[in-house]
Amino acid sequence: MRLSVLAVPDSRARARWTLRLLEVAAGVSLLKVPLFFWVFIALEESGRVPGPLVDGVTYLSLLFALAAQVGFLMWVHRVVRQLKAQGADLETTPAMAVWMWLIPLLNWVKPYQLMKDIAEKAGGAHFAASLPLSLWWGANLLARVLEQVDQRVVRKMGTVEGVPSSASLVFAIFMSLCSAGTALACVQIVKALQARMDQRREGLEGVDTPIAEDEATAA
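All values reported here derive from a predicted model rather than from experimental measurement.

1. Regarding the overall build of the protein
So, point 1. For the protein, the count of helices and strands is nine helices and zero strands.
So, point 2. Of the regular secondary structure in the protein, the N- to C-terminal order runs α-α-α-α-α-α-α-α-α.
So, point 3. For the protein, with 219 residues in total, the buried portion stands at 40%.
So, point 4. Considering only contacts in the protein between residues 6 or more positions apart, those separated by 24 or more positions represent 76%.
So, point 5. With an accessible surface of roughly 12300 Å², the protein has 63% of that area assigned to carbon and sulfur atoms.

Here is the structure:
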């Protein structure tokens, strides 16, 4: 079993890239807050704002958020492979651990349950309770709800010459805060979980292959 476990590549490199992308995504989201606040004030005072600037920063934020999400899912895939090789019963496959994030309705509940299960299998119930899983998932769901309301209700109020409405800017500020909170909480979760995975793997790597008694005697 030990050799089959060590045959699965570890997740350290993926964790490092994921953490970097999450930190950048959080930083860009936080930078959007003062930017959108300034745009909101400019819109209220003059009725004109640099619409292309808002669009540019929004697209940049989406790009980093997407990259961070891809990196995170690649890391989750590798972690699930490692735990299953170690005999943990996660009741899912590495592939399904990724696809559940993309399936409508299922992706509102299952990813949180999966991450909690991973934490419990990696470090126990007390370790899982110490992670900001509820904060991470709560901020994630709130950002998604605000985005849906903004797209389906607020933006239908209309814009003038491509300039976003005041209500849409307010929603953008709160969504940026939620996105930053989600990314920062995810950073803490990945760091803690990867540290546990490293400990488990180092324990296996440090075990010497046992020598049969007759071979030891012959030597």
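2. Observations concerning unusual backbone geometry
So, point 1. The phi dihedral of Glu91 is positive, around 60°, even though this residue is not glycine.
So, point 2. Here Glu91 lies in the loop between α3 (51-85) and α4 (94-99).
So, point 3. Owing to a relative accessible area of 71%, Glu91 belongs among the exposed residues under this scheme.
So, point 4. The backbone phi angle of Leu105 is positive, close to 70°, even though this residue is not glycine.
So, point 5. Along the chain, Leu105 turns up in the loop between α4 and α5 (110-123).
So, point 6. Look at Leu105 and you get exposed, because its relative accessible area is 71%.

3. Focus: the environment of Gly181
So, point 1. Assignment of secondary structure puts Gly181 in helix α8 (residues 166-205).
So, point 2. Residue classification places Gly181 among the partly exposed residues on the basis of a relative accessible area of 27%.
So, point 3. Placed 44 residues apart in sequence, Gly181 and Trp137 show a C-alpha to C-alpha distance of 9.7 Å.

4. Things to note about α5
So, point 1. Here α5 spans 20 Å end to end across 14 residues, near enough to the 20 Å set by a 1.5 Å rise per residue.
So, point 2. Taken residue by residue, α5 has Pro111, Leu114, Met115, Asp117, Ile118, Ala119 and Ala122 as its buried positions.
So, point 3. After α5 finishes, the residue Gly124 shows a positive phi value of roughly 95°.

5. Let's talk about the environment of Leu177
So, point 1. Following the sequence through the fold, Leu177 ends up in helix α8.
So, point 2. Here the alpha-carbon distance between Leu177 and Leu31, two residues 146 residues apart in the chain, equals 9.7 Å.

6. Notes on the nonpolar core
So, point 1. One finds Phe72, Trp75, Val76, Met115, Ile118, Trp136 and Leu193 to be the most contacted residues of the largest nonpolar core, which totals 38 residues.
So, point 2. Those elements that place two or more of their residues in this core are α2 (12-46), α3, α4, α5, α6 (125-130), α7 (133-154) and α8.
So, point 3. Not counting residues up to four positions away in its chain, the partners in contact with Met115 are Phe72, Trp75, Val76, Leu133, Trp136, Ile189 and Leu193.

7. Concerning the side chain of Arg78
So, point 1. Mapped onto the secondary structure, Arg78 falls in helix α3.
So, point 2. The side chain of Arg78 is buried and forms no salt bridge, while Asp10, the nearest opposite charge, is found at 5.7 Å.
So, point 3. Sequence-distant contacts of Arg78, that is, excluding residues within four places in its chain, are made with Val8, Pro9, Asp10, Ser11 and Arg14.

8. Some points on the packing of aromatic side chains
So, point 1. Counted under the stated rule, the structure contains six aromatic pairs.
So, point 2. For the ring pair Trp136 and Trp137, a centre distance of 5.1 Å and an interplane angle of 50° mean the geometry is tilted.
So, point 3. Accessibility expressed as a relative area gives 6% for Trp137, which makes it buried.
So, point 4. Following the ring pairs from residue to residue traces out a cluster consisting of Phe72, Trp75, Trp101, Trp136 and Trp137.
So, point 5. Positioned above the aromatic ring of Trp108 is the side chain of Arg144, whose terminal nitrogen or guanidinium carbon lies 4.3 Å from the ring centre.

About the thresholds
Sequence order sets the numbering: in each chain, residues are counted from 1 along the sequence as written. Only residues with pLDDT of at least 70 are given local features in this predicted model, and only at 80 or more are side-chain atom pairs given and counted; all residues enter the totals for whole chains, interfaces and linings. Heavy atoms throughout the structure, all of them, feed into the side-chain values; hydrogens and water do not. A helix here means a DSSP run of H or I that spans at least four residues, while a strand means a run of E at least two residues long, and both kinds are numbered starting from the N terminus. For each residue, the accessible area found with a 1.4 Å probe, counting protein chains only, is set against the maximum for its type, and the residue is called buried under 20%, exposed over 50%, and partly exposed in between. Only heavy atoms enter the contact rule, under which two residues are in contact if any of them lie within 4.5 Å. All accessibility values rest on the Shrake-Rupley procedure with a 1.4 Å probe; residue burial counts only the protein chains present in the view. Helix span, as expected, comes to 1.5 Å for every residue beyond the first. The set of buried Ala, Val, Leu, Ile, Met, Phe, Trp, Tyr and Cys residues whose side-chain atoms join them within 4.5 Å is what this entry labels a nonpolar core. Asp and Glu count as negative and Lys and Arg as positive, but His and the ends of the chain are not part of the count. What makes a salt bridge here is a side-chain nitrogen of Lys or Arg within 4 Å of a carboxyl oxygen of Asp or Glu, nothing more. For this analysis, a ring pair means two rings from Phe, Tyr or Trp (six-membered ring only for Trp) whose centres lie within 6.5 Å, classed as stacked if their planes differ by under 30 degrees, edge-to-face if by over 60, and tilted for the remaining angles. By the criterion adopted, a ring carries a charge over it if an Arg CZ or a Lys NZ lies within 6 Å of its centre and within 35 degrees of its normal.

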